Each structure stands twice: as C-alpha cells, then as structure tokens.
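Take a look at the letters that make up each chain.
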Amino acid sequence: MNELLRRMLFLPDQASDYARQVDGLHYFIIITTMIAAAGVFATAIFFFVRYRRRADTDLTPHVEPRTIHEVVFVGLPLALFLVWFAIGFPQYAKLSLPPKDAMDVYVQGKKWMWKFAYPGGPNAIDTLRVPVGRPVRLLITSRDVIHSFYVPALRVKMDALPGRYTQSWFKAEKPGRYEIFCAEYCGLGHSAMLGELVVMPQEEFDTWIAEQRRGANAVAQDAAPSGERAMPAANVAEEGRRIASEQGCLKCHSVDGTRHIGPTWVDLYLRQEKLKDGKTVVADEGYLTKSMMDPAADIVAGYQNVMPTYQGKLSPPEVAAVVEYIKTLKTQAVRSGPSEGPVYESIPRPQ
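Source: prediction; values computed, not measured. (Residues numbered from 1 in each chain as written. Predicted model: local features only at pLDDT ≥ 70, side-chain atom pairs only at ≥ 80, totals over all residues. Heavy atoms only, no water.)

1. Remarks on the environment of Gly286
Here comes step 1: Following the sequence through the fold, Gly286 ends up in helix 6 (residues 285-293).
Here comes step 2: Residues Gly286 and Asp104, spaced 182 residues apart in sequence, show a C-alpha to C-alpha distance of 9.9 Å.
Here comes step 3: With residues near it in sequence (within four places) discarded, Gly286 still touches Arg137 and Leu139. (Helix = DSSP H or I, 4+ residues; strand = E, 2+ residues; numbered from the N terminus. Contact = heavy atoms within 4.5 Å.)

Structure, rendered in structure tokens:
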C-alpha cells in the first residue's frame, strides 16, 4: 500500500525510515481531506436537491442549530487537526534530537555549491558520502546568503543561514545515490546548486575515509618545508589546539579549569550552561560551533559579550578541529553545574 500511494502521488524514493513516517502522515492527511471534501460535496448536492426552491413564493426557513450540531461541526475538524498533530509532532521532535552516537558532518552552502567537512578530514564539494544504517548529524551554515539543504529521498530539509549554525540528522537505510538540492532561492545559479548523497556500506565508507586521509597526509608531507614533518590530518584534536592557540582563543578560555574571561574549556563539552536570558543549553557540537560564529547569540550567565566572531575567519574543518579539541579536555570529575563566573582583573581583552 505504501509503494502504491507513493507512486500515485509521484513522491521520490524513501531512503530512510523517517521518510516513510513523513509519507505516512502525508497519506493520512490527503485521505482524510479527500474523504471530508467528498462528504461536503455530497452533502451540498443533497441539499441542492432536497431543499431547492420549488416556487417563487418559497421562503427560506429560519433554522436554530442544536448544541449537538455545533459540537459536531466544530469538534470533528478539531479532532482531525489534533490527530494530525499527534502524528506529526513526534516526527518533528525526533528530527530535532540527533542520537548521541551520530557521525558529524559540517555542511557549508556557498554560491553555488555544497561543501562538506568530516572531523579529521576529508573535505568534499557537492558529494556527501555516508555509511548505510548509521545516524549522521549535519551542522549547517552558509558562506553568503540563505540556502536550504534538501534531500528529497530522506524527506530532510534545513535552512543554511549565514553567521549561524543549524542542525539536522538522518539515517539512510538503503545504499544508493540521491540528489541534494537547494530549496531556497539564492540567486541566478540557484537551479544549478546540486549535490549528491552517496550511501555506502560501512566497510566501503571506512576504506574511502582511510584513503582520503592518507592522500591528504601525503600532500601535507610534500608541502611541508624541508626537514620538517607535517602534522597528520587525522590528529584533528591536536590541529584544533594549534588553531585555538593561533586564533587567540586560549587568551580568554583556560584549559586547566581556572576561571578566566570566558568559560573554561575543561569539561565544557555537554555541560549544562545557563544563559543570560535564563535559558539553559547543552554545550554540544552545535552550541560550540554557533558560539564561534555568533558569540553574541547565547551568552553564558555572568559573562560579558567580549568575544569576536570567527565567521569567515575559520573554515568548517577548522571549526570542527577546535570542537574536537574541546571534547578532549575532560577530567574524571563529574561537573553538572554551569561555568563559574569570569575573572577580568589583569587579563587583557581579546583584540
């Protein structure tokens, strides 16, 4: 029945369980809407015949509706909308909460291409490769204008906003090649902003990742000055430490747990942070990435807005490397509370 309805409605292939769930809601809404429309049409025809004016002197009677009629006329459509909500909201909530074991991929939209970066490498343009049956979380941003990352076969669509990071996730269950579109008009080349999702068996994906990293290491070794050894691309955490040091991050964030201008990076990953507006956020990859691109968006309670933005200064792979470095700064202590207040005395502000 699912395949029959999908073909009747000219829907694309279903490459994930989420796609089947979305289509199920789609079928239910269309079927109930068509039944209701048919009922209204049939009732209208019946009324036209049964209560038609038979003479010019006929008068339209005054009708006083009974309470049961009002309850039915209001309650039935309301009940349908509530059923649609009951089916659709869990799907929305599921898409908003990626699994903890999801593989991260950084996605950047740019006129007119898609750039993908895997933590630790490699990088790719217009082709996203993922293993079949494994959750993949997308951290999405834009280099210039608003784009929208859309994979019809997965029924997944998320806006790519300049200066901000959004996230979505999926788990492709069928190997193959699927189209990627930009679903937000972004200029003259919008229709040509195409990409491809390649879903591979886990073994093939691991082989591809290893080959790409070996190739990147070889290029780095060839480009390194004579007598020096280039840093392996796979050591993404160490690369993140170097980037953080060069960009001045460590002037404000300590890596030994001491109080500083900004929250310490020790045990920061997955910490519950209280913001100035009273809200609470989890310092996961999405929050850390957003804090680098738009530090004024979510300021931790007790701290000032003194951090500069790194939008346009750091590439997606560099952002991923810094996040991976922060994730390594863990201790055995259990820290459930928010960051302690800042220390500003005798500490230079970032330039």
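What follows continues from the structure just given.
2. Description of the nonpolar core
The nonpolar side chains of soluble globular proteins are, as a tendency, buried together.
Here comes step 1: Judged by nonpolar contacts, the single largest core of 35 residues is most densely connected at Val105, Trp114, Leu128, Leu138, Phe149, Phe170 and Leu197.
Here comes step 2: It is strand 10 (residues 195-200) that provides the largest number of residues to this core, a total of four residues.
Here comes step 3: Not counting residues within four places of it along the chain, the set of residues in contact with Phe170 comprises Leu128, Val130, Arg134, Pro135, Val136, Leu138, Leu154, Val156 and Leu197.
Here comes step 4: Listed in part, the 30 residues of the second largest apolar core include Leu268, Leu275, Met293 and Val300. (Core = buried A, V, L, I, M, F, W, Y, C linked by side-chain atoms within 4.5 Å. Buried < 20%, exposed > 50% of the residue type's maximum accessible area, 1.4 Å probe, protein only.)

3. Considerations on the sheet that holds strand 2 (residues 113-117)
Here comes step 1: Pairing is mixed across the open sheet formed by five strands, whose spatial order is 3-2-1-5-8. Two strands bound the open sheet, and with one partner strand each, they are strand 3 (123-125) and strand 8 (166-170). Put simply, the sheet's adjacent strands are angled 25 degrees from each other on average, direction ignored.
Here comes step 2: Inspection of the sheet shows strand 1 (residues 103-110) paired to strand 5 (residues 136-142) by seven bridges, in the parallel sense. Bridge assignment links Asp104 to a residue of strand 5, and that residue is Arg137.
Here comes step 3: Where helix 6 meets the sheet, its contacts fall on strand 1 and strand 5, and the angle it forms with strand 5 comes to roughly 15 degrees. (Pairing = 2+ DSSP bridges. Axes fitted to C-alpha atoms, helices over the stretch in contact; angles between N-to-C directions.)

4. Some details on a nonpolar patch on the surface
Here comes step 1: Taken together, Ile68, Val71, Val72, Phe73, Val74 and Leu76 make up a surface patch of nonpolar side chains, about 610 Å² in accessible area.
Here comes step 2: Secondary-structure assignment places Phe73 in helix 3 (residues 67-96). (Patch = residues over 30% accessible without salt bridge, like charges linked within 9 Å, V, L, I, M, F, W, Y side chains within 5 Å. Areas by Shrake-Rupley, 256 points an atom, 1.4 Å probe, with all protein chains shown as cover. Salt bridge = Lys/Arg side-chain N within 4 Å of Asp/Glu carboxyl O.)

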